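This is what each chain is made of:
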Amino acid sequence: MTSPFYTIIGTPFSTFTRAIALRLTRKGMPFTQVRCVPHSNTAYDNHPFGFLPTLIIHGIDGKTINLMLRESIAIARYIDKVAPEPSLHISPGRGKAIIEEQMWEFVSLLSRKGSLLGKMEELMANEGYVFGSKLSLPDFFLFPLLADLKAIPEGELLSPKMLNCMEERNKMEARPP
Ligand SMILES: N[C@@H](CCC(=O)N[C@@H](CS)C(=O)NCC(=O)O)C(=O)O
């Protein structure tokens, strides 16, 4: 058996790490995970600020490289490049999306101020997923955040739209990629 080509550095409790792990799983890309908390020695060994996650790409074009890739958006873009299918990009003209860049815009805003869920909600469609009735990349960033909130008392304040989004996520996890 060949070893997985990728390693994720980060505890599964990290929302950003979970977003990336979910994405790799959805794309059928095997990986190993080194569990560590932010600002631990392992985190600093792999990230200049000691943040999570880092994706270690062990090989490219048959050459061993062990490249460390940081920043969830950069990692998500790399995953999409090497595994374009199943596509998780939004389709302009379908659902709420007009141009594809809105997908990266949503993820970037969420990464900076994910706590302002009310504001994020204003950008979302009304049919289950972030951009409409089709699962797309931003959902992978939103779901771990909602799951964390659901687990604490503040979760009671989640709006019907966000709860619906959680519901869709549960359905997604119940079916194969
Ligand atoms: N911009 C980074 C943010 C990652 C991030 O904030 N990760 C959290 C863990 S979920 C972290 O390491 N926080 C440490 C800190 O803020 O000091 C990314 O997109 O990967």
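In this text the structure is predicted, and so the values were computed from the model without any measurement.

Caption draft 1: The arrangement of the pairing of strand 4 (residues 63–70) in detail. Here strand 3 (residues 54–60) pairs with strand 4 via 6 bridges, running antiparallel. Looking at the pairing, I56 lines up with M68 of strand 4. Adjacent in sequence and paired antiparallel, strand 3 and strand 4 are bridged by 2 residues, among which D61 carries a positive phi angle near 55°.

Caption draft 2: Region of interest: the packing of aromatic side chains. What the rule picks out here adds up to 4 aromatic pairs. Judged by centre distance (6.3 Å) and plane angle (85°), the rings of F5 and Y6 are edge-to-face. Geometrically, the ring pair formed by F49 and F51 is edge-to-face, given 5.8 Å between the ring centres and 75° between the ring planes. Of the residues examined, F49 reaches a relative accessible area of 51% and is grouped as exposed. Taking relative accessible area as the criterion, F51 reaches 42% and is therefore assigned partly exposed. A connected cluster of aromatic rings, assembled from ring pairs, spans F5, Y6 and Y78. When the ring centre of F140 is taken as reference, the NZ or CZ atom of R23 above it lies at 5.6 Å. Here R77 stacks its cationic end above the ring of W104, 5.0 Å away from the centre of that ring.

Caption draft 3: Summary view of the site of the ligand. Close to the ligand lie S14, T15, F16, P38, H39, F51, L52, P53, E71 and S72. Take H39: an N or O atom from its side chain is 2.6 Å from an oxygen atom of the ligand. In the environment of the ligand, a nitrogen atom lies 2.9 Å from a nitrogen or oxygen atom belonging to the side chain of E71. A per-class count over the shell around the ligand returns 5 nonpolar, 4 polar and 1 charged.

The rules behind each value
- The written sequence of each chain sets the order in which its residues are numbered from 1.
- Where totals are concerned, whole chains, interfaces and linings use all residues; where local detail is concerned, this predicted model gives features only for residues with pLDDT of at least 70, and gives and counts side-chain atom pairs only at 80 or more.
- With hydrogens and water excluded, all non-hydrogen atoms of the structure serve as input to the side-chain values.
- Only strands joined by at least two bridges in the DSSP assignment are considered to pair.
- The way it works is that DSSP assigns letters per residue, a run of H or I at least four long becomes a helix, a run of E at least two long becomes a strand, and they are numbered from the N terminus.
- When the centres of two rings from Phe, Tyr and Trp lie within 6.5 Å, Trp using its six-membered ring, the rings pair. Their planes under 30 degrees apart give stacked, over 60 give edge-to-face, and anything left gives tilted.
- Remark: exposure states derive from per-residue accessible area (1.4 Å probe, protein chains only) relative to the maximum for the residue type, with buried under 20%, exposed over 50%, and partly exposed in between.
- Only when the NZ of Lys or the CZ of Arg is both within 6 Å of the ring centre and within 35 degrees of the ring normal is a charge said to sit over the ring.
- Here a residue is near a molecule or strand as soon as one of its heavy atoms is found within 4 Å of it.
- Any pair of nitrogen or oxygen atoms within 3.5 Å is treated as a polar contact; in protein, a donor-acceptor pairing is required on top of that, and neighbouring residues in sequence qualify only through side-chain atoms on both sides.
- Throughout this entry, Asp, Glu, Lys and Arg are counted as charged residues, while Ala, Val, Leu, Ile, Met, Phe, Trp, Tyr, Cys and Pro are counted as nonpolar. The remaining residues, Gly among them, count as polar.

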